[in-house]
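Residue-level listing of the chains:
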Amino acid sequence: MQSAIHEITGRITAPDEKSSLQAVLHLNNLTKPPGSLGRLEALAVQLAGISSTVKPSYTKRTVVVMAADHGVCSEGVSAFPQEVTLQMAFNFLTGGAAVNVLARQGNAEVQFVDIGINGELSHPDLIARKVRMGTDNMAVGPAMSRDEALQALLVGVQVAEEAVQNGTDLFITGEMGIGNTTASAAILCAFENVSPELAVGRGTGIDDAQLRNKIRVVNQAIHINQPNAADPLDVLSKVGGLEIAGLAGVILGAAANRVPVVLDGFISGAAALVARALAPESISYMISSHVSGEQGHRLMLQRLGLEPLLDLGLRLGEGTGGALCLHLIDAVSHIMNEMATFESAGVSGAEIGNQ
Ligand SMILES: O=C(O)c1ccc[n+]([C@@H]2O[C@H](COP(=O)([O-])O)[C@@H](O)[C@H]2O)c1
Ligand SMILES: Cc1cc2nc[nH]c2cc1C
């Protein structure tokens, strides 16, 4: 099964530099001072390189929501009980969660994957790929086995590959899992040698005493498990989560198929750390939609070398920030496709020497 990972990571190569360069030239010909569309221009150049076209348009956008439970919830790390993951699953499947609303508004489809919910559910639209009924408590031992982490990663790769075969040309990562900000913080600590005080945040809204306990739990998880930063599957299995593994797989699957992948918040960022550790070039295919209100996300993005597009204080997860960014990606598509050039509009360019 390990060879299946090599199969996918081996297919991840650098984006198309020629298209990126053409996008820069096209942007400089459009009727605006060079660089005046700011970060949208950088996004246009990145998308050109990924999609090998200066004038991209994304017609089938897929939000993949990976859902799973976390044994570490027994340590009192979340403001909500673990059952909320299963209860919310029905809400996603019936279209009532925030991401369903924002995805509809952004013309995207939501795919909901049970990769490790601690409970039974069935629905015609459910993608049922449960690896196990939630993880074990990482504060006392590994969250899961190495084989289970690998299985979950490959579920993500397969979900992405199937979506691409069905026409998906843009991915958004989303998740649901009570307790998953604890696993994500532990992953940040393990890969980046960050102290738990800086990595741990309030998640769904814990108070000061619960925050101190959560920092203690992450410290203990790192101390007991000794995750090896040089071995991404070791980190993922010891202090990760099934949905985080699944999302890392989605990111790798997207990059291998040269499809852009828009990252949501803190948990998606943890999956990005795993994906980058497995395939460094995968970072070129990632777009950070926003910096979450979760303490640790800004630092995480800095370590990933990604600049978030939005800073709205969102801390919901699900893919909500990613879905909101569809409007910015569409703005880029329209700019590249529809704006007049200096020549076509008969507008004088900048004076030579003034540029
Ligand atoms: O995406 C984020 O940055 C984010 C920040 C805080 C919380 N969440 C969501 O809240 C849940 C995890 O919070 P917690 O407190 O249970 O670890 C999980 O379902 C996430 O989708 C998500
Ligand atoms: C209600 C609720 C909805 C969520 N969506 C993502 N994480 C969540 C956590 C809670 C508690």
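Predicted model only: the values in this text are computed from it and were never measured.

**What about the overall build of the chain?**
At step 1: In terms of regular secondary structure, the chain is built from 16 helices and 6 strands.
At step 2: Against the compact-globule benchmark of 20 Å for 355 residues, the chain has a radius of gyration of 20 Å, which places it among compact chains.
At step 3: Dimensions of the chain, computed from C-alpha atoms along their principal axes, come out at roughly 70 × 45 × 40 Å.
At step 4: With 355 residues in all, the chain has 54% of them scored as buried.
At step 5: For the chain, long-range pairs separated by at least 24 residues make up 77% of all intrachain contacts whose partners lie at least 6 apart in sequence.

**With respect to the site of ligand 1**
At step 1: What surrounds ligand 1 is a group of 24 residues, the closest being Ser78, Gly203, Gly265, Ser292 and Gly317.
At step 2: Counting residues per element, the ones that place at least two in the shell around ligand 1 are β4 (170-176), α7 (180-192) and α12 (266-278).
At step 3: Considering each element in turn, the shell around ligand 1 owes the most residues, 3 residues, to α7.
At step 4: Across the shell around ligand 1, the residue classes tally to 7 nonpolar, 12 polar and 5 charged.

**Regarding the site of ligand 2**
At step 1: Every residue near ligand 2 is listed here: Phe80, Val84, Met88, Met176, Thr204, Leu316, Gly317 and Glu318.
At step 2: Among the residues forming the shell around ligand 2, the class breakdown is 5 nonpolar, 2 polar and 1 charged.

**Comments concerning the domain arrangement of the chain**
At step 1: When its domains are assigned, the chain resolves into domain 1 (2-56 + 335-345) and domain 2 (61-328).
At step 2: For domain 1 and domain 2, the distance between their C-alpha centroids amounts to 27 Å.
At step 3: Contact with domain 1, which involves 17 residues of that partner, is made by 19 residues of domain 2.
At step 4: Going through the elements one at a time, α1 (2-9) and α3 (39-51) are the ones with two or more residues in the side of domain 1 that touches domain 2.
At step 5: Looking at the side of domain 1 that touches domain 2 element by element, the count peaks at 7 residues for α3.
At step 6: Broken down by class, the residue content of the side of domain 1 that touches domain 2 amounts to 10 nonpolar, 5 polar and 2 charged.

Parameters and conventions
Residues numbered from 1 in each chain as written. Chains lettered and ligands numbered in written order. Predicted model: local features only at pLDDT ≥ 70, side-chain atom pairs only at ≥ 80, totals over all residues. Helix = DSSP H or I, 4+ residues; strand = E, 2+ residues; numbered from the N terminus. Rg over C-alpha atoms; globule rule 2.2 N^0.38 Å. Buried ≥ 20, exposed ≤ 12 C-beta atoms within 10 Å, placed from the backbone. Contact = placed C-beta atoms within 7 Å. Near = placed C-beta within 6 Å. Nonpolar A, V, L, I, M, F, W, Y, C, P; charged D, E, K, R; others polar. Domains from an automatic or database assignment.

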